Amino acid sequence: MPVQKPISSVNAFVVRFANVNGSGSASANELFARSILRHGVPVSPRNIFPSNIQGLPTWYEVRVTEEGHLGARGGVDLMVAMNPETWDKDLASIEPGGYLFYDSTKPMPSSKFRAGVTVVGVPLTAITNSTYTDPRQRQLFKNIIYLGALCALLDMDPKLIEQLIGEQYKGKEKLLSSNVHALHLGRDWALQNLKCPIGLRVKKTDKVGDRIFIEGNSAAALGAVYGGATVCAWYPITPSSSLADAFASHCRKLRHDPETGKAKYAIVQGEDELASIGIVIGASWNGARAFTATSGPGISLMTEFIGLSYFAEVPAVIMNVQRAGPSTGMPTRTQQCDIIACAYASHGDTKHVMLFPEDPAEAFEFAAQAFDLADRLQTTIFVMLDLDIGMNHRLSRPLKWDDARQYDRGKVMTAEMLDEGLDFGRYLDVDGDGIPYRTYPGTHPTKGSFFTRGTSRDRYARYSEEGSVYADNMQRLVRKFETAQDMVPRPLQANAGKPTKYGVIYFGSTAPAMDEAIGLLEARGHQLDRLRIRAFPFHSSVASFIADHDFVYVVEQNRDAQLRSLIVNENGIDPVRLVPILHYDGTPITARFIAGAIGDHQDQLKLTPLRKVVS
């Protein structure tokens, strides 16, 4: 058999770190990713960590991508194998011609290696033990030592890493100097004992531009601040807890009165998720802009109060950072599996607005917009993030805000309007858009009051179980939902370079991988028009897009094709026209997976006569 040639690539490869949870490797691995950014090369990192205690496997993957592909690629070019427990699995994931970096302090039998993989051994434990005596120092500095070795192997500029260490430990000279020393221990050993660089190299460029490096949860939390939120009620749950933490951090900087120093916000940890959404609804009823951050299990618990928000028409915003379900599922793995649960949350006939951001920039924008929508529509708005967006750093266009922008509080009747004699019915539709006027508590001493209830009532909020009154109210809620179609972000369409009868629909965190997959599909001779859905209810352009194509692929990260089901249910589409492309093992979807699944189906269509579709 021919000898496998080692991979040779500049600024385009994937490095994966296999570590043990609790070993202190996370900061060193993130330092590696940030140092490549300092070289001007875009990166797309992903943290794959366990939901349980210290000692379990954890992985941190860094995609080095001068072309700027921010989705997961699939496959590993350089494996930094620091966990013996996952050795075999890690070795198997390396691409042919790839590299294996490991701690060679103890000899490994040849049977533990793989043909076609270049082995790079560095005696990390020996170097560490000969330098440090404290057990914790040995553990922590081993991570910096392997970072130093990688610096030499990948031809990175050590001064840029030193600069980052200096920023991290500014004012802590002892920590700064000790980390720089550990960095050079690894780098010097590699330069003296190994052939450097290997086939993978980092070369300085200027491809990062003005983009920022930020987590989606932090961006969404900042969007909540800019969107006017003053109340956050939450209960800790992975992977949304960091969103509430980030909101608190942003508020400490931005929501304190400059003269008195008093906080102009409230952050409440409820006793559970149900209490949290109850606090949000109470605060919103009183005129505040309020939200909660949660994940799938929290949504399950909140459905009773979500139904109250829908039926009593009280604004609320829920940031749902989705994870793998059902039940406890995989708390630290990503999915898009709460689509149906949120669209129809609560018993009875309900429909809720959902926003689908693709990246941190849209997470910021949609989070801010959600509060305007909640006030205008007087209902719950879901911002549908997921773990891949929320908990991973992503290169993103700068977050922008128009300081002249005014909050849209919707139809609020003032004391002056009441004194003018305007007819106030809390559930009275005066202009046909399904949205009634409301008043804030205390608006007027004698006028504009009403009783908020979750039971059936008439247009003036008076209790009634008369069938025609109930049906009238329910039909008005449908009109309001239809009105929302033109308020939410519209889908974005991009047509193929050549006319095609095939299309693809996708949303949320699938977008970076989908954008890259288009190029892979075109290389196979397949042309696809594409439509990225950004909100529910669906704009009329979704049905039009499907009608214009013989077949449309629907790419999503769940088992049951939930977005496809929602499209079929809401638009009366023949399900055969919509081909599901499903990825649901908890890892982020990759361009390779999408291109492979769609490409294989397209290849079969060339061989099999098309089923005649009647539109």
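Residues numbered from 1 in each chain as written. Predicted model: local features only at pLDDT ≥ 70, side-chain atom pairs only at ≥ 80, totals over all residues. Heavy atoms only, no water.

(A) Quick look at the nonpolar core. Counting residues in hydrophobic clusters, the biggest one holds 79 residues, and the most contacted among them are Phe291, Met319, Met354 and Ile505. With eight residues, helix H12 (residues 360–377) is the largest single contributor of residues to this core. In contact with Phe291, not counting residues within four places along its chain, are Ala224, Ala229, Val231, Cys232, Ala233, Leu243, Phe247, Val280, Val317, Met319 and Phe371. Ranked by size, the runner-up nonpolar core spans 53 residues in total, among them Met82, Phe141, Ala152 and Leu183. (Core = buried A, V, L, I, M, F, W, Y, C linked by side-chain atoms within 4.5 Å. Buried < 20%, exposed > 50% of the residue type's maximum accessible area, 1.4 Å probe, protein only. Helix = DSSP H or I, 4+ residues; strand = E, 2+ residues; numbered from the N terminus. Contact = heavy atoms within 4.5 Å.)

(B) Representation of the pattern of salt bridges in the model. All told, the structure shown has 36 salt bridges when counted by the stated rule. As a salt-bridge pair, Arg438 and Asp375 come within 3.1 Å of each other at their nearest N and O atoms. With Arg438 in the loop between helix H14 (415–419) and helix H15 (467–484) and Asp375 in helix H12, this pair connects stretches of sequence that are 63 residues apart. Using a relative accessible area of 4% as the deciding quantity, one classes Arg438 as buried. Relative accessible area serves as the criterion here: at 3%, Asp375 is assigned to the buried category. One salt bridge connects Asp458 with Arg462, and the closest N-O pair in it is separated by 2.8 Å. Within this structure, Arg289, Asp372, Asp375, Arg405, Arg409 and Arg438 form a network of salt bridges that share partners. (Salt bridge = Lys/Arg side-chain N within 4 Å of Asp/Glu carboxyl O.)

(C) Structural context of the layout of surface pockets. In this structure, the largest pocket occupies an estimated 530 Å³ of space. Of all the secondary structure elements, the ones that give two or more residues to the lining of the largest pocket are strand S2 (12–20), strand S6 (94–103), helix H3 (124–131) and helix H4 (135–153). A breakdown of the residues in the lining of the largest pocket according to their chemical character gives eight nonpolar, nine polar and five charged. (1 Å grid on protein atoms, 1.4 Å probe; cavity = no way out; pocket = protein on both sides within 12 Å on 5 of 7 lines; lining within 4 Å. Points joined across faces, edges and corners; volume = space filled by probe spheres on them. Nonpolar A, V, L, I, M, F, W, Y, C, P; charged D, E, K, R; others polar.)

(D) Just the packing of aromatic side chains, in detail. Applying the stated criterion across every chain, the model contains 16 aromatic pairs. Taking the centre distance of 5.2 Å and the plane angle of 75° together, the rings of Phe17 and Phe32 count as edge-to-face. Placement of Phe17 in strand S2 and of Phe32 in helix H1 (residues 25–38) is noted, with a sequence separation of 15 residues between them. Of the residues examined, Phe17 reaches a relative accessible area of 1% and is grouped as buried. Both rings, one in Phe364 and one in Trp401, keep their centres 6.3 Å apart while their planes meet at 80°; by these two values the pair is edge-to-face. Note that Phe364 is positioned in helix H12 and Trp401 in the loop between strand S16 (393–396) and H14, a separation of 37 residues in sequence. Among the aromatic residues, ring-to-ring pairing joins Phe17, Phe32 and Tyr146 into one connected group. Above the ring of Phe450, the side-chain terminus of Arg426 is found at 5.4 Å from the ring centroid. Lying over the aromatic face of Phe311, Arg457 brings its terminal NZ or CZ to 4.3 Å of the ring centre. (Phe/Tyr/Trp six-rings, centres within 6.5 Å; stacked < 30°, edge-to-face > 60°. Lys NZ or Arg CZ within 6 Å of the ring centre and 35° of its normal.)

(E) Here's a closer look at H15. Helix length check: H15 (18 residues) gives 26 Å between terminal C-alpha atoms against 26 Å at 1.5 Å per residue, within 8%. Listed in full, the buried residues belonging to H15 are Val469, Asn473, Met474, Arg476, Leu477, Lys480, Phe481 and Ala484. Viewed along the axis of H15, the buried residues span an arc of 155°, placing them on a single side of the element. (Expected span 1.5 Å × (residues − 1). Arc of directions from axis to C-beta.)

(F) Inspection of the sheet that holds strand S20 (residues 535–536) at higher detail. Pairing is mixed across the open sheet formed by seven strands, whose spatial order is S11-S10-S12-S13-S15-S14-S20. Of all the strands in the sheet, just strand S11 (266–269) and S20 have a single pairing partner and so form its edges. Relative to strand S12 (residues 290–294), strand S10 (residues 231–234) runs parallel, the two sharing two bridges. Each residue of the ladder has a partner; that of Cys232, found in S12, is Phe291. (Pairing = 2+ DSSP bridges.)

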